[in-house]
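A structural walkthrough
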Amino acid sequence: MEAVNRFDALFAQAEVGAARRRRLSRVATRAAVYAGAAATALVLAFLVGYILVNGVPYLTPSLFEWTYTSENVSLMPALVSTLIMAALSLLMAVPIGVGSAIYLVEYAPRGSRFVQLVRMTTETLQGIPSIIYGLFGMLFFVTALHWNLSLLSGACTLAIMVLPVIMRTTEEALLAVPDAYREGGFGLGAGRLRTVFRCVLPSAVPGILGGVILALGRCVGEVAALLFTAGTIAQIPNFGTEGVFAVFDSCRTLAVHMYVLASEGLHVNETYATAVVLLIVVVLLNLLATFAAKKMKKGHEE
């Protein structure tokens, strides 16, 4: 009896010790997570604050003149070119990326070697440096196709860059949709195409738009690839006079504009001011995409 009591006491002590270790582990994990979140927030706040402090005082009206000169170093042509470049790139990449992901998830046999090969390829393409894409764009679009340094060459290069991101995020968003949605559509007599577009795709829209936001950020902030494909001429493509042929005009985006000003070393203050505008543009585009995602999700639920 005494041995049994001693065993119970040892067992109780072990249980208390294990509970204490689990509690300490939870506290340590929580503290590490909070510390990481705080460090990330502080770094982000420091970067944004540093840019705002150094750039806001130099946001002058001359910086927003429609025509660029060496005196005003206006960012307006670069701003317009950035919006056109991003829109054209996403217009090419999003349909191809989303369509490819739909085929891989909904139509291709799951676990097939083809699907595994495509996934491995897209993951590899995501890790390729942007300068490699720029060299490819220069050799293929600029030289082989004779498009020269142009808006179209830069947009096609960016579309190839962001295509893997859109494909992978869309694929993960589609895989996250429960199979019950598909079974419900099939049970009501709907075909595969109707089930995908009426049941599966609306539920995956928030995840797909998340990938589009990531792709948009990469398009807006890219420099290296555009130096080899779009050029550095500070002008707005003249669609009013040249029509669709304006896509063959050279241009520069805000990120390239910042790089050129910083490399020259003559307009450092204007470089910070351009960074402020670029930051505002990225935030507004992200907010717009998030708002659209919420509206689409709410409309689907209703």
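In the block above lies the structure referred to throughout.
The structure reproduced in this document is the subject of the present report. This is a predicted model, so every value here is computed, not measured. (Residues numbered from 1 in each chain as written. Predicted model: local features only at pLDDT ≥ 70, side-chain atom pairs only at ≥ 80, totals over all residues. Heavy atoms only, no water.)

A look at the pattern of salt bridges
Under the defined criterion, the tally for this structure stands at 5 salt bridges. A salt bridge links Arg 168 to Glu 172; its shortest N-O distance comes to 3.1 Å. Here Arg 168 and its partner Glu 172 are both found in helix α5 (residues 151–175), 4 residues apart, which amounts to about one turn of the helix. Residue Glu 172 is classed as partly exposed on the basis of its relative accessible area, which comes to 41%. (Salt bridge = Lys/Arg side-chain N within 4 Å of Asp/Glu carboxyl O. Helix = DSSP H or I, 4+ residues; strand = E, 2+ residues; numbered from the N terminus. Buried < 20%, exposed > 50% of the residue type's maximum accessible area, 1.4 Å probe, protein only.)

Remarks on unusual backbone geometry
Most peptide bonds adopt trans geometry, and most residues besides glycine take a negative phi value. Its identity as a non-glycine residue notwithstanding, Val 73 has a phi of 40°, on the positive side. Structurally, the position occupied by Val 73 is in the loop between α1 (2–55) and α2 (76–107). Of note, His 146 is a non-glycine position whose phi angle comes to about 60°, a positive value. Here His 146 lies in the loop between α4 (130–144) and α5.

Brief notes about the environment of Val 177
Its location among the elements puts Val 177 in the loop between α5 and α6 (179–187). Looking at Val 177, the relative accessible area reads 5%, which means it is buried. A C-alpha to C-alpha distance of 51 Å links Val 177 and Ser 62, two positions 115 residues apart in sequence.

Some remarks on the nonpolar core
With 54 residues, the main nonpolar core has Met 85, Leu 174 and Leu 254 as its most contacted residues. Contributing elements (two or more residues each) for this core: α2, α4, α5, α7 (192–221), α8 (224–229), α10 (254–264) and α11 (268–301). The biggest single contributor to this core is α2, with 12 residues. Look past the residues within four positions of Leu 174 in its chain and what remains in contact with it is Ala 101, Ile 102, Val 105, Arg 182, Val 200, Leu 201 and Ala 204. Core analysis: the second largest hydrophobic core is formed by 5 residues, Leu 104, Val 115, Val 118 and Met 167 among them. (Core = buried A, V, L, I, M, F, W, Y, C linked by side-chain atoms within 4.5 Å. Contact = heavy atoms within 4.5 Å.)

Description of a nonpolar patch on the surface
Nonpolar side chains collect at one region of the surface, where Tyr 103, Tyr 107, Phe 114, Leu 193 and Phe 197 lie side by side and expose about 540 Å² of accessible area between them. Among the elements of the structure, α2 and α7 are those that each provide at least two residues to the nonpolar patch. Summarising the element assignment, Leu 193 is placed in helix α7. Given a relative accessible area of 52%, Leu 193 falls into the exposed group. (Patch = residues over 30% accessible without salt bridge, like charges linked within 9 Å, V, L, I, M, F, W, Y side chains within 5 Å. Areas by Shrake-Rupley, 256 points an atom, 1.4 Å probe, with all protein chains shown as cover.)

Things to note about the side chain of Ser 150
Along the chain, Ser 150 turns up in the loop between α4 and α5. In this view, Ser 150 contacts Thr 229, Ala 230, Val 247, Phe 248, Asp 249 and Ser 250; residues no more than four positions away in its chain are not counted.

Observations concerning the environment of Thr 271
Its location among the elements puts Thr 271 in helix α11. Spatially, the C-alpha atom of Thr 271 lies 34 Å from that of Arg 168, the residues being 103 residues apart in sequence.

Things to note about α10
Considered for burial, the residues of α10 that qualify are Leu 254, Ala 255, Val 256, His 257, Met 258, Val 260 and Leu 261. Phi for Gly 265, located one or two positions after α10, is positive at around 75°.

A short note on the packing of helix α3 (residues 113–126) against α5
The axes of two packed helices give the description: the angle between them and the distance between them. Where α3 meets α5, the axes come as close as 8 Å, and the angle between the chain directions of the two elements is 130°. Considering their axes alone, α3 and α5 lie oblique with respect to each other. The element α3 and its partner α5 pack so that their crossing is left-handed. Taken together, the residues of α5 that come into contact with α3 (itself represented by Val 118, Arg 119, Thr 122, Glu 123, Leu 125 and Gln 126) are Pro 164, Val 165, Met 167, Arg 168, Glu 171 and Leu 175. Classifying every residue of the contact of α3 with α5 gives 6 nonpolar, 2 polar and 4 charged. (Axes fitted to C-alpha atoms, helices over the stretch in contact; angles between N-to-C directions. Parallel < 35°, antiparallel > 145°, perpendicular 65-115°, else oblique. Left-handed = near helix turned anticlockwise from the far one by under 90°. Nonpolar A, V, L, I, M, F, W, Y, C, P; charged D, E, K, R; others polar.)

This is a description of form; function is not addressed.
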